[in-house]
Amino acid sequence: MSDARNPDDTDDTDDVRQEATVDDEAFEPVAVFGESEEMDLRPGSDDCYKCSTCDTACPVAEVDDEFPGPKFQGPEQWRLKRKGDHDIDESVMSCSNCMRCDDACPSDVPLSQMHNTARGEYVKNGMSRLSREYVRNRMLANYRTLARLGSTVPRLTNFLMGNSVVQTLNEKLLGITSEREFPEFAEETFREWWESRGGANVESDDKRVAYFHGCYANYNTPAVGKAAVRVFESFGYEVLVPPQRCSGTPMFANGMLDDAERAAEVNVEELAAAIEDGADIIASCTSCSMSLRQEYPELFDFEGTASVAARTYEAVEYLRLFEDLDGALEDSEIEGQEFAYHAPCHARNQGIAGQAVELLDRLDGASAEDVGPSCSGISGTYGWKQEKYDTSMAIGAEMFEHMEDADAETGLTECPTCAMQMEHGTGYEVRHPLEVLEAALVE
């Protein structure tokens, strides 16, 4: 069994929502490295007793001897900076933001949030706005902006971005690795499909969810978004698709906290309105759900932030909690498919790492083999940086090996960038669990 919450753990689904509901006043934003005051140490960070468990769990530290590890990036940088004569060390930019250190720490030190704020301060005060690294990181962090532009002429964009000359120029001029193939833009985005479809096919006052599709399902893999809509409608849910910006995950990872705050403010306003309209929030990307659930309430204090955090779920997790998804799958079947499943780091942080394997065990014709606990190594934008590419592939090597050893030729994961890495390292086609559920329950 995974450590995901099991629907059998409660007899009343309303209890789950009540347990998850937290008043706005219960949250306070974090300013670990505040500008206008002495170090504002977040509660719990003093609990670090230097056991180094976080360092042993860090996939970057495992393959990069020059990376000092999460203990230094968090508590030790804080202690040094509190003395007033220490700037944030640039090595914080080598943290991939996988957030495994959060899970590993036995004292609940808020390591990833210390890293986020430290990165933000380093970028703000220690990185030239004219440097190639800053320009490249700002572009990668704001993928939605590039995707909106590129998807207006997807065929032309796909041709240009797939051209070896353009890839070489991207590497020489921007430091974006030419080793990877840029993801193709869909000819019809998810939101265009949603509008042409006429919106929701099901109306319900009792069962309503607001879908946070994120950038990748909108611009690159709309099939995942369509699957989410169709699966939830098959269970009688009215699906809302509110306006939304990037979840902020790549912005946190690149220290672009001002960009993340602007995006978060829009998302919180729109999603809080959907909650007021009776909806819970679902996301198909585990990094998006992680951002809404954990990073927003720890960093921002917009009105509604706490409600959005408390009412956000990963999509499959939601169906397991509030519907008899296991029973529905036991009554279904698909034509024989075997999957090599990789649990994203951000799914592990949310306690839902094993749910896909458990679900497919109940579906006739399908099986999924977990390829182990290793990180995929790409960590969003991290593996796209020229200087991080080799580290990214070294981290992913264990996953590639286990995928190739599995009795499967199709990958399975909830994270779009993990899917990129799985495809890049093995050549396997990779699907999202929602696509498998759609094939079993809808088609």
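So, how was this worked out
- Residues numbered from 1 in each chain as written.
- Predicted model: local features only at pLDDT ≥ 70, side-chain atom pairs only at ≥ 80, totals over all residues.
- Heavy atoms only, no water.
- Helix = DSSP H or I, 4+ residues; strand = E, 2+ residues; numbered from the N terminus.
- Buried < 20%, exposed > 50% of the residue type's maximum accessible area, 1.4 Å probe, protein only.
- Contact = heavy atoms within 4.5 Å.
- Areas by Shrake-Rupley, 256 points an atom, 1.4 Å probe, with all protein chains shown as cover.
- Pairing = 2+ DSSP bridges.
- Axes fitted to C-alpha atoms, helices over the stretch in contact; angles between N-to-C directions.

Describing the overall build of the protein chain
Thinking step 1. Assigned secondary structure in the protein chain consists of 24 helices and eight strands.
Thinking step 2. Residues counted as buried form 61% of the 443 residues belonging to the protein chain.
Thinking step 3. Residue pairs in contact within the protein chain that sit at least 24 positions apart in sequence constitute 77% of those at least 6 positions apart.
Thinking step 4. Taken as a whole, the protein chain presents about 19,100 Å² of accessible surface, with 43% of it coming from carbon and sulfur.

A closer look at unusual backbone geometry
Thinking step 1. Although it is not a glycine, asparagine 97 adopts a positive phi angle of roughly 65°.
Thinking step 2. Along the chain, asparagine 97 turns up in the loop between α4 (70-82) and α5 (100-104).
Thinking step 3. On the basis of relative accessible area, asparagine 97 is assigned to the buried category, the value being 4%.
Thinking step 4. Even without glycine at this site, serine 379 takes up a positive phi of about 45°.
Thinking step 5. Relative to the helices and strands, serine 379 is located in the loop between β6 (364-370) and α22 (389-405).

Here we look at the sheet that holds strand β4 (residues 312-314)
Within a sheet, neighbouring strands are paired by backbone hydrogen bonds and run either parallel or antiparallel to one another.
Thinking step 1. The strand order across the open sheet formed by four strands is β2-β1-β3-β4, and the pairing between neighbours is parallel. This sheet does not close on itself; its edge strands, each paired only once, are β2 (238-240) and β4. Put simply, the sheet's adjacent strands are angled 35° from each other on average, direction ignored.
Thinking step 2. Examined bridge by bridge, strand β1 (residues 208-212) and β2 share three bridges and lie parallel to one another. When the sheet's bridge partners are listed, arginine 208 is paired in β2 with glutamate 238.
Thinking step 3. The sheet strands contacting helix α15 (residues 257-276) are β1, β2 and β3 (280-283), and the helix crosses β1 at an angle near 165°.

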